[in-house]
Amino acid sequence: MKPWENIHAVADNRLQPVAAFNRYQTLQDALDMEEEATIGFQSLNGLWQFRYFHTPEEVPQNFIELWKSLNEQIEVPSCWQLKGYDQMHYTDVLYPFPINPPFVPTENPTGVYGYEFDYEVNKGERAILQFEGVSAYFEVYLNGEYIGFSKGSRLESRFDISEYLKPNGNQLIVKVVKWSDGTYLEDQDMWWLSGIFRPVRLYKLIDGEDLDIQIDTQPQEGYEDFQLSVQIKHTKSNARLYLYENGKRIREVNPLIDGKSLTTILAPKRWTAETPHLYTLICEIEGKDDFYFIPVKFGFREVRIIQNQICINGVPIFLNGVNRHDFNPKNGLVVSREQMKSDVEMMKTFNINAVRTAHYPNQSYFYELCDEYGLYVIDEADLECHGFENTGVYDWISDNQLWEKQYVDRGVRMVERDKNHPSIIMWSLGNESSSGQNFTAMYGAIKQIDSSRLIHYEGDKQAAYSDVYTTMYTNYEKLEQLGKLSEGRKPHILCEYGHAMGNGPGGLEEYQRIMRKYSRLQGGFIWEWYDQAIEIERDGETTYFYGGDFKDTPNNSNFCVDGLIHPDRSPSTALYEVKKVFEPIKTELIQENKQLKLSIQNLYDFIDLSTIQLELCYLNEEGGCLFSKMKNLPAILPGEIRQFPIETFSVQDGTQDIYLRLRFKQQETGHLVTENQFLIQKKKSTEPHFESAKFKVEQEHMKLTIQNESSKAVFNQVTGLLETYAYQGEVFIQQGPRMTLWRAPIDNDMYQLKEWQETFFLNKLSEQLRGFDYQETADGITVSVRKYVGALNQGWGYEVELTYNFFGKGMLNLFIEGKPKINCVEIPKMLPRIGFEFQVNQQLSEFSWYGLGPRENYSDSKASAFMGTYHSTVENLHVPYVFPQENGAHMNVEYAALQDGKKESGWKLSMNPPRMLTIHDYTKEALEKAMHSDEIEKSPFNVLTIDIAQSGLGSNSCGPEQQEAHRLKIQPFVTEINFEPMKREEKQDEH
Ligand code: GAL
Ligand code: MG
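This one's a predicted model, so the numbers in the text were calculated from it and none came from an experiment. Each chain carries its own residue numbering, running from 1 in the direction its sequence is written. Written order determines the labels here, with chains lettered from A and ligands numbered from 1. Local features are withheld for residues below a pLDDT of 70 in this predicted model, meaning they are given only at 70 or higher, and side-chain atom pairs are given and counted only at 80 or more; totals for whole chains, interfaces and linings count all residues. Hydrogens and water molecules were not included; the side-chain quantities draw on all heavy atoms of the structure.

(A) Examining the coordination of the magnesium ion (ligand 2) more closely. A donor here means any N, O or S atom no more than 2.8 Å from the metal (3.2 Å for Na, K and Ca); water is not included, so a site may seem to lack partners. Every protein donor of the magnesium ion (ligand 2) is listed here as Glu384 (OE), His386 (ND1) and Glu432 (OE), and their distances to the metal cover 2.1 to 2.2 Å. Within one chain, the residues donating to the magnesium ion (ligand 2) are spaced in sequence as E-x1-H-x45-E. Separated by 46 residues along the polypeptide, His386 in the loop between strand 28 (376-380) and helix 5 (404-418) and Glu432 in the loop between strand 29 (424-428) and helix 6 (437-449) bring together distant segments of the chain. The pair His386 / Glu432 is uniform in exposure class, with both members buried. In DSSP terms, a helix is any run of H or I states spanning at least four residues, a strand is any run of E spanning at least two, and both are numbered starting from the N terminus. Only protein chains enter the accessibility calculation, which uses a 1.4 Å probe; a residue is then buried when its area is under 20% of its type maximum, exposed when over 50%, and partly exposed in between.

(B) Quick peek at the site of ligand 1. Only heavy atoms are used to decide nearness, and a residue is near a molecule or strand if one of them lies within 4 Å of it. What surrounds ligand 1 is the set Asp92, Asp189, His359, Asn431, Glu432, Met472, Tyr473, Glu496, His499, Trp527, Phe559 and Asp562. A 3.5 Å cut-off defines polar contacts: any pair of N or O atoms within that distance qualifies, except that in protein one atom must be a possible hydrogen donor and the other a possible acceptor, and neighbouring residues in sequence count only when both atoms are side-chain atoms. One nitrogen or oxygen atom from the side chain of Glu496 is found 2.6 Å from an oxygen atom belonging to ligand 1. A distance of 3.1 Å is found between an oxygen atom of ligand 1 and a side-chain nitrogen or oxygen belonging to Trp527. Compared with its free state, where it exposes 300 Å², ligand 1 has 95% of that area covered by protein. All residues other than Ala, Val, Leu, Ile, Met, Phe, Trp, Tyr, Cys, Pro, Asp, Glu, Lys and Arg, Gly among them, are scored as polar; the first ten of these are nonpolar and the last four charged. Grouping the amino acids of the shell around ligand 1 by side-chain chemistry returns four nonpolar, three polar and five charged. Areas reported as accessible are Shrake-Rupley estimates using a 1.4 Å probe. Residue values count occlusion only from the protein chains shown.

(C) Quick peek at the nonpolar core. We call a set of buried residues a nonpolar core when its members are Ala, Val, Leu, Ile, Met, Phe, Trp, Tyr or Cys and they connect through side-chain atoms within 4.5 Å of each other. Membership of the largest hydrophobic core comes to 100 residues, with the highest contact counts inside it found for Ile352, Tyr407, Leu429, Trp529, Leu564 and Leu575. Considering each element in turn, this core owes the most residues, six residues, to helix 6. Contact criterion: two residues are considered in contact whenever any of their non-hydrogen atoms come within 4.5 Å of each other. Once residues within four sequence positions are removed from consideration, Trp529 is found in contact with Val322, Asn323, Arg324, Asp343, Met346, Met347, Ile352, Gly563, Leu564, Ile565 and Leu575. Core analysis: the second largest hydrophobic core is formed by 61 residues, Tyr798, Leu877, Leu898 and Ile970 among them.

(D) Region of interest: the UniProt feature "domain: Beta galactosidase small chain/" (unreviewed entry) in the chain. UniProt positions are given in the numbering used here, feature names are shortened, and annotations may be inferred rather than shown by experiment. Those places that UniProt annotates as "domain: Beta galactosidase small chain/" (unreviewed entry) correspond, in this numbering, to residues 705-980. A distance of 19 Å separates the end C-alpha atoms of residues 705-980, which is 5% helix and 50% strand.

(E) Quick peek at the sheet that holds strand 18 (residues 238-245). Pairing in this open sheet of four strands is antiparallel, and the strands run 19-18-21-22 from one edge to the other. A strand with exactly one partner marks an edge of an open sheet, and here the two such strands are strand 19 (248-253) and strand 22 (291-298). Taken pair by pair, the neighbouring strands of this sheet meet at an average axis angle of 30°, ignoring direction. By the bridge criterion, eight bridges tie strand 21 (residues 279-286) to strand 22 in an arrangement that is antiparallel. The residue of strand 22 that forms the bridge with Ile282 is Pro295. Whether two strands pair depends on DSSP finding at least two bridges between them. Whenever a helix is involved, its axis is fitted only over the stretch in contact; in every case the axis is a line through C-alpha atoms, and angles between N-to-C directions fall within 0 to 180 degrees.

(F) Geometry of the packing of aromatic side chains. Pairs were defined over the aromatic rings of Phe, Tyr and Trp, the Trp ring being its six-membered one, requiring ring centres within 6.5 Å. Orientation was assigned from the angle between planes: stacked under 30 degrees, edge-to-face over 60, tilted for the rest. Under the criterion given, the structure shown has 62 aromatic pairs. Geometrically, the ring pair formed by Phe63 and Trp67 is stacked, given 6.3 Å between the ring centres and 15° between the ring planes. Placement of both Phe63 and Trp67 in helix 2 (residues 63-69) is noted, with a separation of four residues, approximately one turn of the helix. The pair formed by Phe63 and Trp67 is uniform in burial state, with each residue classed as buried. Each ring, one from Tyr184 and one from Trp403, has its centre 6.3 Å from the other, and the planes form 80°; the classification is edge-to-face. With Tyr184 in the loop between strand 12 (170-177) and strand 13 (190-191) and Trp403 in the loop between strand 28 and helix 5, this residue pair connects regions lying 219 residues apart in the sequence. Both residues of the pair, Tyr184 and Trp403, count as buried.

(G) Structural context of the side chain of Asn978. Residue position: Asn978 is located in strand 58 (residues 973-982). You can call Asn978 buried: its relative accessible area is 12%. At 2.8 Å, the side chain of Asn978 and the side chain of Asn813 are in polar contact. Once you skip the residues sitting within four places of it in the chain, Asn978 turns out to touch Pro688, Phe690, Leu812, Asn813, Lys908, Leu909 and Ser910.

(H) Summary view of the packing of helix 7 (residues 476-484) against helix 8 (residues 508-517). Two numbers describe how helix 7 lies on helix 8: the axes approach to 9 Å, and their chain directions differ by 10°. One finds that helix 7 runs roughly parallel with respect to helix 8. On helix 8, the residues that touch Tyr476, Leu479 and Glu480 of helix 7 are Glu510, Tyr511, Arg513, Ile514, Met515 and Lys517. Class assignment of the residues belonging to the contact of helix 7 with helix 8 gives a composition of five nonpolar, no polar and four charged. Should an angle fall under 35 degrees it is taken as roughly parallel, and over 145 as roughly antiparallel, whereas 65 to 115 is taken as roughly perpendicular and any remaining angle as oblique.

(I) Just the layout of surface pockets, in detail. Using a 1 Å grid laid over the protein atoms alone, points where a 1.4 Å probe fits but cannot get out form a cavity; open sets with protein on both sides within 12 Å along at least 5 of 7 lines form a pocket; any residue with an atom within 4 Å of a point counts as lining. Grid points are joined across faces, edges and corners, and a volume is the space filled by probe spheres set on the points. A volume near 1,100 Å³ is recorded for the second largest pocket. If you trace the second largest pocket, you find 47 residues lining it, with Asn22, Glu35, Arg337, Tyr365 and Glu368 closest to the centre. Going through the elements one at a time, helix 1 (27-32), strand 15 (200-205), strand 22, helix 3 (337-349) and helix 4 (364-373) are the ones with two or more residues in the lining of the second largest pocket. No other element matches helix 4, which puts six residues into the lining of the second largest pocket. In terms of residue class, the lining of the second largest pocket is made up of 21 nonpolar, nine polar and 17 charged.

(J) Geometry of unusual backbone geometry. For the peptide bond that leads from Ser135 to Ala136, omega is 5°, which places it in the cis range. Looking at the secondary structure, you find Ala136 in the loop between strand 8 (134-135) and strand 9 (137-142). Residues Gly504 and Pro505 are joined by a peptide bond in cis, for which omega reads 5°. Topologically, Pro505 is positioned in the loop between strand 32 (492-497) and helix 8. Its identity as a non-glycine residue notwithstanding, Ala267 has a phi of 40°, on the positive side. The topology assignment puts Ala267 in the loop between strand 20 (260-265) and strand 21. Not every positive phi belongs to a glycine, and Ser434 is a case in point at roughly 55°. Position of Ser434 among the secondary structure elements: in the loop between strand 29 and helix 6.

(K) Expanded view of the pairing of strand 24 (residues 309-312). Alternating residues of strand 24 divide into Gln309 and Cys311 and Ile310 and Ile312, and every residue in both groups is buried. Pairing geometry for strand 23 (residues 303-306) and strand 24, over four bridges, is antiparallel. Within strand 24, the position partnered with Arg304 by the bridge is Cys311. Counted along the chain from strand 23 to the antiparallel partner strand 24, the turn is two residues long, and its residue Gln307 has a positive phi close to 45°. One ladder, built from two bridges, connects strand 24 with strand 25 (residues 315-316); its direction is antiparallel. Following the sheet pairing, Cys311 is matched in strand 25 by Pro316.

(L) Geometry of the packing of helix 5 against helix 6. It is at 9 Å that the axes of helix 5 and helix 6 come closest, and there the two elements cross at 30°. Classified by the interaxial angle, the pair formed by helix 5 and helix 6 is roughly parallel. Seen along the crossing, helix 5 lies across helix 6 with a hand that is right-handed. Residues Glu404, Tyr407, Val408, Gly411, Val412, Val415 and Glu416 of helix 5 form the contact with helix 6, whose own contacting residues are Gln437, Asn438, Phe439, Ala441, Met442, Ala445, Ile446 and Ile449. Considered class by class, the residues forming the contact of helix 5 with helix 6 number 10 nonpolar, three polar and two charged. Crossings are classed by handedness, with left-handed meaning an anticlockwise turn of the near helix from the far one by less than a right angle and right-handed meaning a clockwise turn.

(M) Here's a closer look at the domain arrangement of the chain. Segmenting the chain into domains produces domain 1 (3-205), domain 2 (212-301), domain 3 (304-531 + 572-581), domain 4 (585-681) and domain 5 (698-982). Computed over C-alpha atoms, the centres of domain 2 and domain 3 are 28 Å apart. Contacts between the two partners involve 20 residues from domain 2, matched on the other side by 26 residues from domain 3. Summed over both partners, the accessible area lost on bringing two parts together, with a 1.4 Å probe, is the buried area. Where domain 2 abuts domain 3, roughly 1,600 Å² becomes buried across the two surfaces, and 48% of that area is made up of carbon and sulfur atoms. When a carboxyl oxygen of Asp or Glu is within 4 Å of a side-chain nitrogen of Lys or Arg, the pair counts as a salt bridge. Where domain 2 meets domain 3, there are one salt bridge. Each domain's limits were defined by an automated method or a database of domain assignments.

Put into structure tokens, the structure is as follows:
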């Protein structure tokens, strides 16, 4: 039997799993905890010899022959598919081979790795070779001798290599096989990648003992004092235990009796994600002839369900979480320490307090960071067999006793390695693998090792064994219902929601509102943290590839590009939205009589607000500060709402809108926790002043030209479109406005598309000119254009009337009225947009607006957008989604300016009422056509779209559609736009 198809063998000669810790020779080293100072530490990362084979059997059996044949080189850690071997392939659910467990394809890519090293061990010492992650099955050979094998890609494997070690010139061979019986358990939605993808190292057990340490903390009544329990297993040595805080010894811990020590610690600082206080236990191990130190960082915290709620140290918590895969756009599964640190720091910056390690254990270092920075973790076993779902026998192996050992192994190894991390509050049995006896067995095995944490498994729909109910992408109605169920129910979380694919998700605020409303709903985890797209250089440009781009079939296209951060690590709009929705400080403005009151609610679970500074500022619409004040907040307690009277402010002249802006910052660092804005005073409405002017009107064939000494408008009398509008010889409008009901589809439109495109042809509008007249008025000229606009084969459409009033100094007032005309039964339930497109002069590359910003915003995704005057360039208003799609809109724009780079000429537009505006240097057709960011064909003009409205974003790529209020219906509209040339600024005399 091939060992990689033998379900009864999860490993051969692999050492027992133990907690992640290092041994040090001196106390100081132990306190510093530098990995490099570990006794006998030697990193085996770097360049290895390599050779790629098409089947494991093809690998020469003779060690020397094999060693000599390894004539290529590869970096370790890496994924060989990203180093030019084998084939990149992305599938969400499908196994890329027949389902015939435990058998896998005979043609089975195999990478043989060779590494030569020197390593000395003394008598009594053991040398441990440790792999943090190898995908998937691998065998280890040293100096021609077989050492052992292991399975379980995202789990640690250790081998004792002492027996065959020589001081110099050791030849290590690792044979890595892509498909194994274990692959049936590794069907996560991600790229199929192989190789030694996590670090490899050597270290020593100087007394030969492979001991293990388990720390537990149990609160005593009142949660003041804790009992610290330390267990040291698999040892005959003596140990003295000391408790350290910030590098200082604070006390000795009671001695071990039968391997266990129990000590009451009075009033320790407790660990929570908001107060990540860590202590270090230093174990001084006294072996036969040796003495060494093991440091273990831990925290005092308890996880428990109290009255249907997940509580940390007796207090119910709320999870503002994300799902995180190990991913790097250049290196696939290989994630550096720097990147992990940056992930954790970004999460903290964006008000995220929890992370689910979807869908497998991460490197140990990641949990160290979560302990230190404060993130609650759901640590998930490396287990998913999603592809079975399509066979109709989803529980094929999950409910088959023959596989029990494999399931249990994956749970146990995770728990043994990670058991001392205070950040981990739940173990997850895996993802999308149906349910069955192997999960109950795994549950039991985990609880035996560690009963101090909760167990999570979404596939256990009835929460028969899972300690919490958990669902994914639950729609709002269902979630409300779940919130209302309370009697005897376990807590409920959303292990995945808010699918961040492309532009979106919309509707996060509604999720938060519902989850905050019901006590048994305790938050959830956004899907997902990082776009899983592969970075490619072509024609000197960087772009990103997804499923299918490597000629991989079948594939799930860009379904892996659904993160809150773009591949270049810049935060997406959605991440800013998440930050605001997850804000820990909620504010409301209350007006009582003449007094303004600010209500501040502390949504942290543990800390008060005394470390927060409030920067309160009255601003005009241009961002000018009229009054500001800093104030350190008092100790508003968790959950508490307090009201404060604040100074009112008003201005007499009323020429601008006045806002109150509140910014809550960390006093010490200035870090912005959250902000809010309230409109305080609306400006007085003013009628625009139009100067009268005389125009010359010429009709020539199809054209109607209206001009005087400063401005010129040319209409096509057949189409009714404006073909030129210019002032002082500078063209502004080159064509337009054309009505549109279409947007370049966003990923969240994917399930609407068929109907939109093939039933209602919303992307195939045509116009029928019904009337074109002009008339001289006392002040200028009025052109009125009447049209019928409809889509291919549709019995419904719009009667649109555009009235152009031309005045002096280049001013144009455009009034548009649209009336739906429905002469049929079948009409669309939702429209992507109702808008008007103008082609405008591309020289006007600077864009400013008074509206919502600074980032793009849509009706169900604008919590993080505030009213203000913003400046950008047309180019920068493009949001570079990996899969190009509608982007960059700004709502509530009252006025905007388009100017040239030198700001010498330009146009001002005022919208009445305020509208949604988008401007790009490409057409929406070009955007729709492009499959990758570098393929968007630029247009020779800019496209300005003024929307009556757009539908919201929703979350329908995976989740609920737009809520009713964010679904745009066929509706009548009127809108008015004023165009006005901007004065050239007088050149300042520089001398
Ligand atoms: C979930 C699954 C994730 C991912 C997501 C869609 O069902 O657990 O792994 O596939 O859907 O992006
Ligand atoms: Mg899946």
